[in-house]
Structures are given as structure tokens and as C-alpha cells.
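# Examination of the molecular architecture
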Amino acid sequence: MITTITKIHTDGQAANATLNNYSDKVEKVELAAGNKQEKPLPSYDKYPFLIWEFETPIIWSNVIFITLWHLIAVYYFIHYPSILSKLPLVLYGCVIGGISGFGITGGAHRYFTHRTYKAKLPLKILLLISYAVAGQNQLFDWVRDHRVHHKFSESNADPHNASRGFFFSHVGWLMMKKHPDVIRKGRTIDMSDITDDPLIQVYQKYWFWIKLAFCFIIPSAIPVYLYGEDWFWSIITICFIRYVISLNSTWAVNSFAHIWGYRPYDKRIFPSENLAVSFFAMGEGYHNYHHTFPWDYRAAELGTMLNVTTLWLNIFKSIGWAYDLKAPSGELIRKVVENNGDGTHYRWGHEVAEECEGAAGDEEVKEEEEEVEEKKEM
Ligand SMILES: [Zn+2]
Ligand SMILES: [Zn+2]
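Starting afresh in each chain, residues are numbered from 1 along the sequence in its written order. Labels follow written order: the first chain is A, the first ligand is 1, and so on. Reporting of local features is limited, given that this is a predicted model, to residues whose pLDDT is at least 70; pairs of side-chain atoms are given and counted only at 80 or more, and all residues count toward the totals for whole chains, interfaces and linings.

### A look at the overall build of the protein chain
Broken down by element type, the protein chain carries 18 helices and four strands. Partly exposed residues are those falling between the two cut-offs: more than 12 but fewer than 20 other C-beta atoms within 10 Å of their own, whereas 20 or more means buried and 12 or fewer means exposed, with C-beta atoms placed from the backbone. When burial is assessed residue by residue, the protein chain has 37% of its 378 residues classed as buried. We call two residues in contact if the C-beta atoms placed from their backbones are at most 7 Å apart. Counting only contacts in the protein chain whose residues sit at least 6 apart along the sequence, the fraction spanning at least 24 positions is 66%. Counting from the N terminus, the helices are the DSSP runs of H or I reaching at least four residues and the strands are the DSSP runs of E reaching at least two.

Right, dumping it as C-alpha cells:
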């Protein structure tokens, strides 16, 4: 069963809003938050452009930058020299993609945002470097946005609110000013672990240069100096094709995995289990599980086949660099699946389905569970 959720925003009237009155509105909302008054939000004007209306102003520099970057990447992806003649560069690009992916999944996401495990200094430095290779937003912004996303999923306070459609949740949200609710709720998020960390403060201070060096310059220069690769193709491969694939892999978690897939752990929420996303996002596509158990270092219930991040974290655990890795018990997962799942869980799903049909009372379900457990032990 593939579930599709789309909600088209049709409300609103055209308005002559400007960037200035947007700022005023944000300020008012923040003042209200500062007073700790639970007032209803003011109604927002719309920002018209051609035939469309937007809830917040468009950031045109981001639109142009993101569009151009994608156009160049797609053009040269189509006109790439034969794979065999560029095999070392292609393989090298995959390695850089893997490092940047781990910086996002194992670093910004599972470590810095959710604190699903503890890391010793060498691993922490490795995570920060890998995150720089990914070349996304400032770490502080990434962590705050993601914490707000979990706390206020699919509401106006969710930075990439999937109920505003696929495009908005995928990349559109990066092309617009944040909704005032995102700013207001974002200020309520505890970020002291990030702001009080001296290493992260230095990292943030020099972020522009660190990102420039680790995302673009160093990765592009290595093949040139290592084996005489052509500068042009090295830059195209690393700075455009690899970068665009990496970005879209991360964005896919917010779009595809919030719209399409099964919901075996909690049918009441948007996030879904999406295997294709898991492949590209190194194990982050088990998103229904992740939103149900965000503190699990595996971000998935099962295995490491499509969950390369968990595989690496297990390796770092074995050498002692990662420790106190958190994960729920099987019993807790089972209870949650039975209470809230959509009946598609590989093991307990059918029991949920039967319960929904009223085929089995509590006693019978208990007996069945015991039977399953006994069989498992045998
Ligand atoms: Zn999510
Ligand atoms: Zn998360």
C-alpha cells in the first residue's frame, strides 16, 4: 500500500506585501513569543508572483543559485565523458559523496541534533569535517531546523512542512524566507549544547572558509595532484554533480520520505518508510521509525544493508570512538507497532490488521504473541 498525501493550499488573498512588512510581522510574532502569551498568530498577507501566491517572500539569490547549480550538474551529467575514461574520478566522487553523506546522517543528524550516541574527540572532529564536505547550512541552523521539524512536523512551524507539497518540502523551503512560526518556535528550542560547545563555536566562526575548503577546493584538488586529473572535470564532478546528488539525497528525506511509503510504527504521522530514500540517504529513509524513535542511533529498526550510517557507527563503536549508543527494546517497538502502526510491519503488522478487524480479543492476541515468541526461541 503506497499512501499519497497531498494538500494544496488554496486559501489567501492577493496582497501588496513587501519585505519590510514581512519583517514587521516576524518581529510582532517574536514579541508575542517573548511575552510567553499563547496568542493566535496574526493573519499573513500573501506574496504574489505571476500566477502564484507565496506565504513568505522568495529569496531570489537562492532561487538563482540553486537553479544554476542544478542546470550545470544536469548538463554535464548528460555530457559526461565515458565512464571508463573517468572511472577513478567517478569512484572518487562516490567516496566524497559517502563522506559528505555520513557528515549529515551520522554527524548533523544522529549526533549533533538527536544525540543518539556519544562521540570521543577524534570522531567528533571527523564528523565536523565530514559535515563541512557536505557543504550545507551552518551546523547551528541545521540542528535547530531539524529539532523544530521533529517537534512541529507538518505544521507552519516545520521548516520543510510536507503538507505544503512535494516541491516546498524538497527544496522550495530553501528558496523562501522562513514562515514566522518557524522563527517563533525555533526560538523555543534548547540549543545550549551547540552554543556552549567551544569547538563548534570556532567551527561556526570560520564556517565560510571551512565549507569552501572542505566541500569544494580540497576535494577538487586531490585528484589533480594525486594522479593528474583534469581540473575542469574534477570541479564538475565534485563541486556540481556530486554536490547536487548529495543535496538531493538529504532533501529526499524531507520530501519523498514524508509523503510516500508505509507507516508501520505510527500511522498518524506523515513520515514513512521509503527504501529508495534509504539507499541514497545512507539509511535515513526509515523515516516513520525515525520520527517514532528519534533517539535510536540506527534511525531504523533493522539491519545495516541499506543503512550504511549504522554500519559505520557500529565500526566506530567497535574501536571505542562511539559509545552509549541508544536503541529501544524489541518489546517497546512491538507495543508501539501494535498500538499505532498501519498494519504493514514485517513481523507484527498482521496482528495489528487482525485487531483492527476485531478478529482477536486482547487475550487471544496475547496468546498469539506468546506462541510467536516460543516459536522464535525454538
Ligand atoms: Zn522528518
Ligand atoms: Zn531526525
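Moving on, there is more to tell.
### As for the nonpolar core
Nonpolar side chains in soluble globular proteins generally cluster together in the buried interior. By definition, a nonpolar core groups buried Ala, Val, Leu, Ile, Met, Phe, Trp, Tyr and Cys residues that connect through C-beta atoms lying within 7 Å of each other. Grouped together as the largest cluster of nonpolar side chains are 26 residues, with contacts concentrated most on Ala108 and Tyr131. Elements with a minimum of two residues in this core: α3 (87–113), α4 (121–134), α5 (139–151), α10 (207–227) and α15 (308–318). Ranked by size, the runner-up nonpolar core spans 20 residues in total, among them Leu247, Phe256, Ile259 and Ala281.

### Quick notes on unusual backbone geometry
Its identity as a non-glycine residue notwithstanding, Ala299 has a phi of 50°, on the positive side. Positive phi outside glycine occurs at Asp324, with the angle close to 50°.

### Remarks on the packing of α3 against helix α11 (residues 231–254)
Where helices are involved, their axes are fitted lines through C-alpha atoms of the stretch in contact, as for all axes, and angles between N-to-C directions lie from 0 to 180°. Their axes nearest at 10 Å, the elements α3 and α11 cross at an angle of 40°. The orientation of α3 with respect to α11, classified from their angle, is oblique. Seen from above, α3 lies across α11 with right-handed handedness. Across from Leu89, Gly93, Ile96, Gly97, Ser100, Gly101 and Ile104 in α3, the residues of α11 making contact are Trp233, Ser234, Thr237, Ile238, Ile241, Arg242, Ile245, Ser246, Ser249 and Thr250. Only Asp, Glu, Lys and Arg are considered charged, only Ala, Val, Leu, Ile, Met, Phe, Trp, Tyr, Cys and Pro nonpolar, and every remaining residue, Gly among them, polar. For the contact of α3 with α11, the residue count by class is seven nonpolar, nine polar and one charged. The scheme is simple: roughly parallel for angles under 35 degrees, roughly antiparallel for over 145, roughly perpendicular for 65 to 115, oblique for anything else. Note on convention: the crossing is left-handed when the near helix lies turned anticlockwise from the far helix by less than a right angle, right-handed when the turn is clockwise.

### Re the environment of Asp158
When you line up the elements, Asp158 lands in the loop between α5 and α6 (166–170). It is 9.7 Å that separates the C-alpha atoms of Asp158 and Ile183, two residues lying 25 residues apart in sequence. In contact with Asp158, not counting residues within four places along its chain, are Val148, His149, Phe152 and Ser153.

### Quick notes on the UniProt feature "transmembrane region" (unreviewed entry) in the protein chain
UniProt positions are given in the numbering used here, feature names are shortened, and annotations may be inferred rather than shown by experiment. Within the UniProt annotation, "transmembrane region" (unreviewed entry) is assigned to residues 58–77, 89–109, 206–225 and 231–253. As annotated, residues 89–109 has a helix share of 100% and a strand share of 0%, and its two end C-alpha atoms lie 28 Å apart.

### Details of the confidence of the model for the protein chain
Per-chain confidence: the protein chain averages 85 in pLDDT, with 80% of residues scoring 70 or above. Scored from 0 to 100, pLDDT reflects the predictor's confidence in each residue. The low-confidence segment residues 1–24 (pLDDT under 50) makes 28 contacts with residues lying over four places distant or belonging to another chain. Predicted confidence for residues 26–40 stays below pLDDT 50, and this span has 13 contacts to residues more than four positions away or in other chains.

### A look at the packing of helix α2 (residues 60–78) against α11
Packing of α2 against α11 leaves a shortest axis separation of 9 Å and a crossing angle of 110°. On the basis of the axis angle, α2 is roughly perpendicular to α11. Counting all contacts with α2, which are made through Trp69, His70, Ile72, Ala73, Tyr76 and Phe77, the residues of α11 involved are Ile236, Phe240, Ile241 and Val244. Broken down by class, the residue content of the contact of α2 with α11 amounts to nine nonpolar, one polar and no charged.

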